[in-house]
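Commentary on secondary and tertiary structure
Below are the chains, spelled out letter by letter.
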Amino acid sequence: MKTSHTARTARIALVTGANQGLGRALVEGLAARLDPADLVLLTGRDQRRVTDAAAEVSRLSGTRARVEGHVLDVTDTDAVARLADELRTRHGGVDVVLSNAVARVLPDESQSERADEFIDVSNTATHAILRSLGPVLRPGGRLLVVASSLGTLGHLDPRLHHLFDGASLDQVEYAVESWRSAIHQRTAAEAGWPVWLNVPSKVAQVAAVRAVAAERREQDLAAGTLIASVCPGMVDTATSRPWFSDFSQAQSPADAARAVLDLVFADGVDPALYGELVRFGKPLPWHDGTPLVEQDRLVKP
């Protein structure tokens, strides 16, 4: 990660969904690899958890950079915009944005009843971060949205591909809200939407990143700036554990964070990764994947 500013200018990093799990590991990794003058903002919705987590990371033996807690509800688009304005005013922008917030849904919970919260945290928040924090990303910076390998287009019914393939951010947002409406109107299944919220949500996240990256590609590559979505692989966390019976191949949050952080701190930007869904340093083809019919039989509608 490079910056066009002088060596005396502190780098600013922001991680959402950072109280625990992968988000917490990303904060710890940033704090260990950045310099003492740099600042890592650990964000979450709960004041006490944010404060406690920031204090705990600050006390770790490997911590070098400053770590501060900042309360942020990523579903509040106005709050995200205010934070972007604050970063612009106080610091001239931000150098690293890692969007990691996720809503936990258990297998025995109704997907439709939890849809609004899940979509707000995963998708409305992603759109807000791209719209508000993208413009204040400093040259040489990194904006990475944590998604998953489910985010490739082929995991959706082919009838839905046109909603996301080559779409603008406005069009992605419209598709997400159409999906939300179809869930509430009980017409989602006949339109081809899967019951499992995770698939359309992840595809929409990746499509949103691709949309913004397509508009910025030339100037960002010239400046050494990277915008991408990332798949950290299977991670052993409280969010993922209820969904899988075999965790023998799962990574710890610290292990999963390492590949994401390697992308953050890489010198220069590989054009093949820009705007793509990146897993362990390699892009996943956007059109790959097949609809996951079995998962729909396992979840509660």
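All of the points below concern the structure found in this document. (Residues numbered from 1 in each chain as written. Predicted model: local features only at pLDDT ≥ 70, side-chain atom pairs only at ≥ 80, totals over all residues. Heavy atoms only, no water.)

This part is about the sheet that holds strand β5 (residues 137-146). Think of a sheet as strands paired side by side through backbone hydrogen bonds, with each pair either parallel or antiparallel. Strand order in the open sheet formed by 8 strands is β3-β2-β1-β4-β5-β6-β7-β8, and the pairing between neighbours is mixed. In this open sheet, the two strands that pair with only one neighbour each are β3 (66-71) and β8 (282-284). The sheet shows a mean angle of 30 degrees between the axes of neighbouring strands, direction not considered. One ladder, built from 3 bridges, connects strand β6 (residues 226-231) with strand β7 (residues 277-279); its direction is parallel. By the bridge assignment, Val-230 is partnered in β7 with Val-278. Across the sheet, helix α2 (residues 47-59) touches β2 (39-44) and β3, and the angle it forms with β3 is around 175 degrees. Against the sheet, helix α4 (residues 115-133) contacts β1 (12-15), β4 (94-99) and β5, and its axis sits at roughly 180 degrees relative to β5. (Pairing = 2+ DSSP bridges. Helix = DSSP H or I, 4+ residues; strand = E, 2+ residues; numbered from the N terminus. Axes fitted to C-alpha atoms, helices over the stretch in contact; angles between N-to-C directions. Contact = heavy atoms within 4.5 Å.)

Glancing now at the pattern of salt bridges. Enumeration according to the criterion identifies 23 salt bridges in this entry. A salt bridge links Arg-48 to Asp-52, with the nearest nitrogen and oxygen atoms 3.5 Å apart. In this pair, Arg-48 and Asp-52 are both assigned in helix α2, 4 residues apart and thus about one turn of the helix distant. Bridged by salt links that share partners, the residues Arg-11, Asp-35, Asp-38 and Arg-64 form one connected network. (Salt bridge = Lys/Arg side-chain N within 4 Å of Asp/Glu carboxyl O.)

By secondary structure assignment, the location of Gly-29 is in helix α1 (residues 21-33). Gly-29 gets classed as buried once you look at its relative accessible area, which sits at 13%. The sequence separation of Gly-29 and Arg-90 amounts to 61 residues, and the corresponding C-alpha distance is 24 Å. (Buried < 20%, exposed > 50% of the residue type's maximum accessible area, 1.4 Å probe, protein only.)

With that settled, the discussion passes to the packing of α4 against helix α6 (residues 169-184). Across the interface, α4 lies against α6 with an axial gap of 11 Å and an inter-helix angle of 170 degrees. Put simply, α4 runs roughly antiparallel to α6. Seen from α4, the contacting residues are Ala-115, Asp-116, Ile-119, Asp-120, Asn-123, Thr-124, His-127, Leu-130 and Arg-131; seen from α6, they are Leu-169, Asp-170, Val-172, Glu-173, Val-176, Glu-177, Trp-179, Arg-180, Ile-183 and His-184. Class assignment for the residues of the contact of α4 with α6 results in 8 nonpolar, 4 polar and 7 charged. (Parallel < 35°, antiparallel > 145°, perpendicular 65-115°, else oblique. Nonpolar A, V, L, I, M, F, W, Y, C, P; charged D, E, K, R; others polar.)

Right, let's get into the packing of α1 against α2. Direction vectors running N to C along α1 and α2 enclose 40 degrees, while the axes themselves pass 10 Å from each other. Between α1 and α2, the angle falls in the class oblique. For the element pair α1 and α2, the recorded crossing hand is right-handed. Contacts from Arg-24, Val-27, Glu-28 and Ala-31 of α1 reach α2 at Ala-53, Glu-56 and Val-57. Of the residues that constitute the contact of α1 with α2, the class distribution is 4 nonpolar, no polar and 3 charged. (Left-handed = near helix turned anticlockwise from the far one by under 90°.)

As a further point, take the packing of aromatic side chains. What the rule picks out here adds up to 2 aromatic pairs. When the centroid spacing of 6.2 Å and the interplanar angle of 85 degrees are considered together, the rings of Phe-164 and Trp-193 count as edge-to-face. Of this pair, Phe-164 sits in helix α5 (residues 161-164) while Trp-193 sits in the loop between α7 (188-191) and α8 (198-223), and the two are 29 residues apart along the sequence. Ring centres of Trp-179 and Trp-193 lie 5.7 Å apart, and the angle between their planes is 25 degrees; on these two criteria the pair is classed as stacked. Placement of Trp-179 in helix α6 and of Trp-193 in the loop between α7 and α8 is noted, with a sequence separation of 14 residues between them. Every member of this aromatic cluster is reached through a ring pair, and the members are Phe-164, Trp-179 and Trp-193. (Phe/Tyr/Trp six-rings, centres within 6.5 Å; stacked < 30°, edge-to-face > 60°.)

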